[in-house]
Amino acid sequence: MVVKVYGPDFASAKRVLVCLIEKEVEFETVPIDIFKGQNKDPDFLNLQPFGVVPVIQDGDYTLFESRAIIRYYAEKYKSQGTDLLGKSIEERGAVEQWLEVEAQNYHPAINNLVIEILLARKMGIPSDAKAIEESEKKLGKVLDIYEDRLSKSKYLAGDFFSLADLSHLPFTKYLADMEKMYLIEERKHVKAWWDDISNRPSWKKVFSSRWPLLE
């Protein structure tokens, strides 16, 4: 049964696509145009009552929330493709810890930048300069912690690529679109980490596909 991924044009869905490629799981995509309100159509709301992408359908099983989805596939196909969870319970704990750091600390700051810069530009509305400055400072503080962590291990959870690293890919790419990539480049170990994970074949395939990030 081929997995269906709804909303491939958006960053959170790209977490799922990269995970499926790393796990060698066959999938197809179903476009959902949020800007045209397709996420509020009754059929879509039956799948995702909050009207947010991504959603997957795997046979009779439906799941939403991108981090829940990547955890599901990393576990379901643990012995297939790239091991994204670690080989021991301690490594798994580290993966979960840094995946939560991404969700609770990294993502809110970078998502606010995306809203205030890229989304505001697309919608033709003014940006909030103060909100941009505050979010940039918050992100910088998070990246300082990453710099220390990555001076001790190649990847966030240890010396293996995991969901914790994968989850950063789509939104970190936006830094280049916002001319904020210096936040990565001025931190030696963060830059080495980013250069490594952003050159993985799975990300290159998603990034070069017909599913553009927000423009």
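Report on the accompanying structure. (Residues numbered from 1 in each chain as written. Predicted model: local features only at pLDDT ≥ 70, side-chain atom pairs only at ≥ 80, totals over all residues. Heavy atoms only, no water.)

## Focus: the overall build of the chain
- Within the chain one finds 10 helices and 4 strands.
- Its helices and strands taken in sequence order, the chain reads β-α-β-α-β-β-α-α-α-α-α-α-α-α from the N to the C terminus.
- A compact globule built from 215 residues should have a C-alpha radius of gyration of about 17 Å, and the chain, at 17 Å, falls within 12% of that.
- Across its three principal directions, the C-alpha atoms of the chain cover 50 × 45 × 25 Å.
- For the chain, the residues scored as buried account for 51% of the 215 residues in total.
- Considering only contacts within the chain whose residues lie at least 6 apart along the sequence, 67% involve residues at least 24 apart.
- Only carbon and sulfur atoms are counted for the fraction: they give 52% of the accessible area of the chain, which is about 10700 Å².
- Positive and negative charge centroids in the chain, built from 30 and 35 side chains respectively, lie 1 Å apart. (Helix = DSSP H or I, 4+ residues; strand = E, 2+ residues; numbered from the N terminus. Rg over C-alpha atoms; globule rule 2.2 N^0.38 Å. Buried < 20%, exposed > 50% of the residue type's maximum accessible area, 1.4 Å probe, protein only. Contact = heavy atoms within 4.5 Å. Areas by Shrake-Rupley, 256 points an atom, 1.4 Å probe, with all protein chains shown as cover. Lys, Arg positive; Asp, Glu negative; His and termini not counted. Charge placed at Lys NZ, Arg CZ, Asp CG, Glu CD.)

## A look at the side chain of serine 162
- Along the chain, the position of serine 162 falls in the loop between α5 (129–150) and α6 (163–166).
- With a relative accessible area of 0%, serine 162 lands in the buried category.
- Setting aside chain neighbours within four positions, we find serine 162 in contact with Leu84, Val95 and Ala157.

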